Amino acid sequence: MPQSNREYKDRLFKFIFGNPENRDWTLSLYNAINGSSYTDASQIRYTTIEDAVYMNMKNDVSFLVADTMSFYEQQASFNPNMPMRFLIYAGMVYAKYISQTDSYHPYSTVQQKAPTPRCVCFYNGEAAKEDRMVLDLKDAFDREADIGVRVTMLNVNYGRNRALMDACKPLRDYAWFVGTVRQNQATLNDFDAAVDTALNEMPEGSTLKAFLTANRAEVKRMCITEYNEVKTLADEREEGRMEGRMEGRTEGVLMALLSLVRKGLISEERAAEEAQMSVSEFRERAKLA
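Owing to the predicted nature of the structure, the values given are computational and were not obtained by experimental measurement.

Cut-off values and rules
What you see as residue numbers is a count from 1 along each chain, following the sequence as written. Only residues with pLDDT of at least 70 are given local features in this predicted model, and only at 80 or more are side-chain atom pairs given and counted; all residues enter the totals for whole chains, interfaces and linings. Side-chain measures were taken over the full set of non-hydrogen atoms in the model, leaving aside hydrogen atoms and water. Like-charged residues are merged into a patch within 9 Å and nonpolar side chains (Val, Leu, Ile, Met, Phe, Trp, Tyr) within 5 Å, provided each residue has over 30% relative accessible area and no salt bridge. Accessible surface area values rest on a Shrake-Rupley calculation with a 1.4 Å probe, where residue burial reflects the displayed protein chains alone. Salt bridge, as applied in this entry: a Lys or Arg side-chain nitrogen positioned within 4 Å of an Asp or Glu carboxyl oxygen. Each helix is a run of DSSP H or I of at least 4 residues and each strand a run of E of at least 2, with the numbering of both proceeding from the N terminus. Residue exposure (1.4 Å probe, protein chains only): buried if accessible area is under 20% of the type maximum, exposed if over 50%, otherwise partly exposed. DSSP calls a pair of strands paired once it identifies at least 2 bridges connecting them. Pairs of residues are marked as contacts when any of their non-hydrogen atoms sit within 4.5 Å. Lines fitted to the C-alpha atoms define the axes, with helices restricted to the stretch that makes contact. Angles between their N-to-C directions range from 0 to 180 degrees. pLDDT is defined as a per-residue confidence score from the predictor, taking values between 0 and 100.

Engineer: Honestly, a nonpolar patch on the surface in this entry has me stumped. Any pointers?
Structural biologist: Together, Met84, Ile88, Met92 and Phe141 make up an exposed nonpolar region whose accessible area comes to about 290 Å². Along the chain, the position of Met84 falls in helix α3 (residues 82-100). Residue classification places Met84 among the partly exposed positions, given a relative accessible area of 31%.

Engineer: Please explain the sheet that holds strand β4 (residues 61-65) as it appears in this structure.
Structural biologist: Whether parallel or antiparallel, the strands of a sheet pair through hydrogen bonds between backbone atoms. Read from one edge of the open sheet, 6 strands run β1-β4-β5-β6-β8-β7, paired in mixed fashion. The outermost strands of the open sheet, each flanked by one partner alone, are β1 (45-46) and β7 (132-136). Here 8 bridges tie strand β5 (residues 68-75) to strand β6 (residues 116-123), and the two strands are oriented parallel to one another. Directly across from Gln75, in β6, lies its bridge partner Tyr123. Relative to the sheet, helix α2 (residues 23-34) contacts β1, β4, β5, β6 and β8 (150-155), its axis offset from that of β5 by approximately 100 degrees.

Engineer: How should I be thinking about the pattern of salt bridges in this particular structure?
Structural biologist: Applying the stated rule across the entire model yields 11 salt bridges. Linking Asp60 and Arg11 is a salt bridge whose minimum nitrogen-to-oxygen distance equals 3.6 Å. Here the residue Asp60 occupies a position in the loop between β3 (57-58) and β4, and Arg11 occupies one in the segment before α1 (12-17), the gap between them amounting to 49 residues. Each member of the pair, Asp60 as well as Arg11, carries the same accessibility label: buried. By sharing partners, the salt bridges in this structure join Asp196, Arg216 and Lys220 into a single network.

Engineer: What is the right way to read unusual backbone geometry from this model?
Structural biologist: Residues other than glycine predominantly adopt negative phi, and peptide bonds predominantly adopt the trans conformation. Of note, the phi angle at Ala66 is positive, near 55 degrees, even though the residue is not glycine. Along the chain, the position of Ala66 falls in the loop between β4 and β5. Judged by its relative accessible area of 45%, Ala66 falls in the partly exposed class. Positive phi outside glycine occurs at Asn161, with the angle close to 45 degrees.

Engineer: In this structure, what is going on with the environment of Ala32? I would like to understand it.
Structural biologist: You can see Ala32 is positioned in helix α2. C-alpha separation for the pair Ala32 and Asp166, spaced 134 residues apart in sequence, amounts to 8.7 Å. Not counting residues within four places of it along the chain, the set of residues in contact with Ala32 comprises Leu164, Ala167 and Cys168.

Engineer: Please clarify how the confidence of the model for the protein chain should be interpreted in this entry.
Structural biologist: The predicted structure's coordinates, where accompanied by low pLDDT, should not be read in detail. For the protein chain, the average pLDDT comes to 85, and 84% of its residues sit at 70 or higher. For the protein chain, the element scoring lowest by mean pLDDT is strand β2 (residues 53-54), at 57; β8 scores highest, at 98. Low pLDDT, under 50, characterises residues 1-8; the predicted model gives this stretch 18 contacts beyond four residues in sequence or across chains. pLDDT under 50 marks residues 242-249. Its contacts with residues more than four places away, or in other chains, come to 2 contacts.

So, in structure tokens, the structure goes:
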């Protein structure tokens, strides 16, 4: 398996919606997701665990508004294992919340109330997906489990989930920008130029244009990092498939050699030599066959 040596990187999604400087945008996204109408962005209490790392990427955004603990993650590659990722992050966030909340007494004989979790994955990969899907942790287990996590996956590629985009203009602008960078990359074959062109082409009325333009270098770094991450994951998956095929072929050769030994057509020593292993290894594998 190739070693990618990826450092922990933030995503453009987090840079926009998990940034305390952009609380209004975070609140706009929250209202659009929940059908609420909060107007005071100062109510947002960010709970993101900065050192919570999964697959070499940080926890994107988590925050508390009223009695809801929101967990938001953006994915440029479809990942059906997101519920497990959310379970890991939620455990960290709630542990910290409880330790810092005087009103929650974990050892009380009275039921303690905690913020209701809401897990949302914003998908903008190139594989075709529905506007809305529900990923369930129970699908990871062979039997009924005592722990449950449900993740709502929303397709936020530009042009999808129109009602959601209309309700949150920063999300619509984000979707437009990511989609335009992707299109430019396909024609320009130069990521710097792809990002620059997208920034220059953003409509003047765009909510995000001034912010993204002012942080052009950081935006480029994040876009390139995410592009490389998607490509690396795709390469690793293909490498894994190749290794699986090779392993299957190796197993097939082993079984054929074992059959010849059992029929007395060749010796164990010859079979082991053909399988490129010691006689003792061949005998051990034969016991498992």
